[in-house]
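Architecture and fold: a report
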Amino acid sequence: MPSVSAHVALTLAQHVDHVFGVMGNGNAYFLDALERDTGAEFTAVRHEQGAVVAADAHYRASGRIAAGTATYGAGFTNTLTALAESVQARIPLVLVVGDEPTSGPRPWDVDQIALASAVGARTYTVGRADAAATTIIAVEHALTYRVPVVLAVPYDVASLEAGAVPDAPAPRVPAALAPAGEFADGMLDEIAAALRGAERPFLLAGRGAWLAGAGEPLGALADATGALTASTALGRGVFPAAEYDLGVTGGFGAEDAMRLVREADVAVVFGASLNQFTMRFGDLFAPGTRVFQVDVAPAATHAHIGGFVRGDARLVAEALVARLSPALPAHNFGSQAEHAADPGGADGESPAASEAVPGLGAEQKHEQGRMPWRESVDVAAARTYDRGDDLAPGGRLDPRSAARRIAEMLPADRVVVSDGGHFIGWANMYWPVASPDRMMMVGTAFQAIGQGWPSVVGATRARPESTIVLTSGDGGGLMAIADLESAVRSAGGRGCAVIWNDAAYGAEVHLYGLKGLAEDPMLIPQVDFAAFAAAVGAEGVVVETLADLDRLATWSAQPAEERPFLLLDLRVSPAVVAPYQQEIIRVNS
């Protein structure tokens, strides 16, 4: 007869096709049933943190929920940093863990429910009579609230016979939140009027807009208003017209592009979590910019928002297009995608609208001799980043020129996964990707490092046809080095890692070293990551000059099935400070 663990595995496998984890006493029966009786694929990682990270990255890369698994006690506590990251980033996943027996804790047990709650994750504990139903409730909770959940299996329950697995209803997911009520209608009218009258309209979209499937109506809205566009770091590529897009806002943005954003007289923000980095610590918009926010959050999330509409980014964008282009049929933008948005805020004052002629769309303004703003500026030039030097002072690589050269040689089908650390600016600035689900930063929401290697595992399982490119520092790379093996084993020739090796915890050096604090604790002995790569069957290349990067070009030209996992150990200068880090230094000085 199926056990309680089998009920969990069989039910979960109806909604999850990938599980990542480390086997132990607490989840042995679950993994046995998963392997023997389901079609779900299990991928082993070497540290329990990696189980959650891989499931997190899988969702970010595919939009499909995945699961992690670990044993009780030390296995569970090893997941907590990654679990906190997924909570902060609002990533739905299920973490299946063993737990203390129902008779009470043993010496090695801890209060796992309290620990999960402390980082913001809810725990559902299965019993002999309700394992399948509880599993469905856990999946539904994760999808509804877009958060990770813990599914706990008590040790003395795991192997109990539980009878035939009952049919369980499919998880329910809320419909997209439509703007409703007189206030919302009035605010939509006000935003439409502001965009009609704007001389320099600007649209900003975040990850919430991508998850809502709002790209096409946002593109139509930009066309109808002649707006310049941009995205947050997690929403890049949402707008279809790249020729009018200023790229990423905030510290990852090009200086000339950010100057153009400050020229906007009306800005509408869709599904964006406007944190301090996106907002350039309050300097993204000029004081005279009239800023509106569209989000599923209950209310505007910044005191300077001039107007707020609660609603799904796609539905609100469609409503605005209908108001601005009455001849266009409503909801004429294809099938509805998955709907959910990040809560976010905005920054800016709310002065009177510009003196532009009201009621004119972009084409009408053009006909009356008023060239749309986006056609009057050189967007391509504004998006240009500093090219850097071949070598920085001191003889080590300039990370800017290295990043630019790497971008020229990386396969076009790339999915970039980023660890946390000072280096995050280089890939975000210099490596363009096709869509938001092809650039993910696992760790930055919780300000954590050491999440990179297992991110490769999750992204590889989510996008097996793509080249997965890890960008990591030497600090984070060492912290999670156990899962270098997992990344190489999972990705094979479709995997590439770029280690920005400056022999230091760069962010700390640039912030606290400048304040005169002792630097020795911030330094790392020079580590040979290429040798680490060779030890687990990958190819490692020490890169000390731009010419050393030529191996990446020949590797990219090889068929994926004929090449090894490639690790580039970039010996970069610790003296070149990323622009976003310069902003942090300015604010904290």
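Note that this is a predicted model, so its numbers are computed, not measured.

What follows concerns the packing of helix α8 (residues 182-197) against helix α12 (residues 313-324). One can describe the packing of α8 onto α12 by two numbers: an axis separation of 10 Å at closest approach and a directional angle of 60 degrees. Compared by their axis directions, α8 and α12 come out oblique. Note that α8 runs across α12; the crossing there is right-handed. Facing α8, whose interface residues are D185, L188, D189, I191, A192, L195 and R196, α12 presents V316, A319, L320, R323 and L324. Here the contact of α8 with α12 is built from residues that sort into eight nonpolar, no polar and four charged.

Looking now at unusual backbone geometry. Of note in this structure, R90 is not a glycine but carries a positive phi near 60 degrees. Counting through the fold element by element, R90 comes out in the loop between α5 (80-89) and β4 (93-99).

Moving on: the nonpolar core. In this structure, F202, F285, W431, W500 and L570 are the most contacted members of the largest nonpolar core, which totals 67 residues. Residues V45, A82, L470 and L567 belong to the second largest nonpolar core, which totals 53 residues.

Turning our eyes to something else, we now look at the pairing of strand β1 (residues 18-21). Both faces of β1 are covered, namely the face carrying H18 and F20 and the face carrying V19 and G21. Sheet analysis places β1 next to strand β2 (residues 41-44), joined by four bridges and oriented parallel. Its bridge partner being in β2, V19 is matched across the sheet by F42. Following the backbone out of β1, through helix α2 (residues 28-37) and into the adjacent parallel β2, one traces a crossover that is right-handed. Pairing of β1 with strand β3 (residues 67-70), which is carried by three bridges, proceeds in the parallel orientation. Bridging across to β3, G21 finds its partner in T69.

Okay, the sheet that holds strand β15 (residues 467-473) next. Strand order in the open sheet made by the six strands is β14-β13-β15-β16-β18-β17, with parallel pairing throughout. The open sheet has two edge strands with one neighbour each: β14 (439-441) and β17 (539-543). When the angles between neighbouring strand axes are averaged without regard to direction, this sheet yields 15 degrees. Strand contacts of helix α15 (residues 399-409): β13 (414-418), β16 (495-501) and β18 (566-571), with the helix running at about 170 degrees to β16, the strand carrying the most contacts.

Below, the discussion takes up the packing of α15 against helix α22 (residues 550-557). The axes of two packed helices give the description: the angle between them and the distance between them. Remark: α15 packs on α22, axes separated minimally by 9 Å, with the N-to-C direction vectors making an angle of 20 degrees. By the criterion of interaxial angle, the relationship of α15 to α22 is roughly parallel. Crossing hand, α15 versus α22: right-handed. Of α22, the residues touching α15 (which contributes R405, I406 and M409) are D550, L552, A553 and S556. Its residues placed into classes, the contact of α15 with α22 shows four nonpolar, one polar and two charged.

A complete count under the given rule lists 29 salt bridges for this structure. A salt bridge links E255 to R280; the nearest nitrogen and oxygen atoms lie 2.6 Å apart. In this pair, E255 is assigned in helix α11 (residues 255-261) and R280 in the loop between β10 (266-270) and β11 (290-295), connecting sequence segments 25 residues apart. We classify E255 as partly exposed; its relative accessible area is 41%.

A sheet is described by the order of its strands in space; here six strands give the open sequence β2-β1-β3-β4-β6-β5, paired in parallel fashion. Taken across any chain shown, the strands that pair with only one partner, and hence form the sheet edges, are β2 and β5 (122-125). Pairwise comparison of adjacent strand axes, ignoring direction, gives a mean angle of 25 degrees for this sheet. Direction of pairing for β4 relative to strand β6 (residues 148-154): parallel, over a ladder of seven bridges. Pairing of L95 across the sheet is with V150, part of β6.

Tallied over the entire structure, the rule returns eight aromatic pairs. When the centroid spacing of 5.4 Å and the interplanar angle of 45 degrees are considered together, the rings of Y385 and Y430 count as tilted. Of this pair, Y385 sits in the loop between α14 (379-382) and α15 while Y430 sits in helix α16 (residues 424-430); the two residues are 45 residues apart in sequence, bridging distant segments of the chain. Y430 matches Y385 in its accessibility class, with the two residues each being buried. Judged by centre distance (6.0 Å) and plane angle (50 degrees), the ring pair of F529 and F532 falls under tilted. Of the two residues, F529 and F532 are both situated in helix α21 (residues 529-535); the distance of three residues between them amounts to about one turn of the helix. Given the relative accessible area of 0%, F529 is considered buried. On the basis of relative accessible area, F532 is assigned to the partly exposed category, the value being 33%. Within the aromatic cluster, the residues linked to one another by ring pairs are Y385, W426 and Y430. Geometry around Y72 places R106 over its ring, the cationic atom sitting 4.4 Å from the centre. Across from the ring centre of Y155, 4.8 Å away, lies the NZ or CZ of R106, which sits over that ring.

Each value, and the rule that gives it
- Residues numbered from 1 in each chain as written.
- Predicted model: local features only at pLDDT ≥ 70, side-chain atom pairs only at ≥ 80, totals over all residues.
- Heavy atoms only, no water.
- Axes fitted to C-alpha atoms, helices over the stretch in contact; angles between N-to-C directions.
- Helix = DSSP H or I, 4+ residues; strand = E, 2+ residues; numbered from the N terminus.
- Parallel < 35°, antiparallel > 145°, perpendicular 65-115°, else oblique.
- Left-handed = near helix turned anticlockwise from the far one by under 90°.
- Contact = heavy atoms within 4.5 Å.
- Nonpolar A, V, L, I, M, F, W, Y, C, P; charged D, E, K, R; others polar.
- Core = buried A, V, L, I, M, F, W, Y, C linked by side-chain atoms within 4.5 Å.
- Buried < 20%, exposed > 50% of the residue type's maximum accessible area, 1.4 Å probe, protein only.
- Pairing = 2+ DSSP bridges.
- Right-handed = clockwise from strand over helix to strand, strands pointing away.
- Salt bridge = Lys/Arg side-chain N within 4 Å of Asp/Glu carboxyl O.
- Phe/Tyr/Trp six-rings, centres within 6.5 Å; stacked < 30°, edge-to-face > 60°.
- Lys NZ or Arg CZ within 6 Å of the ring centre and 35° of its normal.

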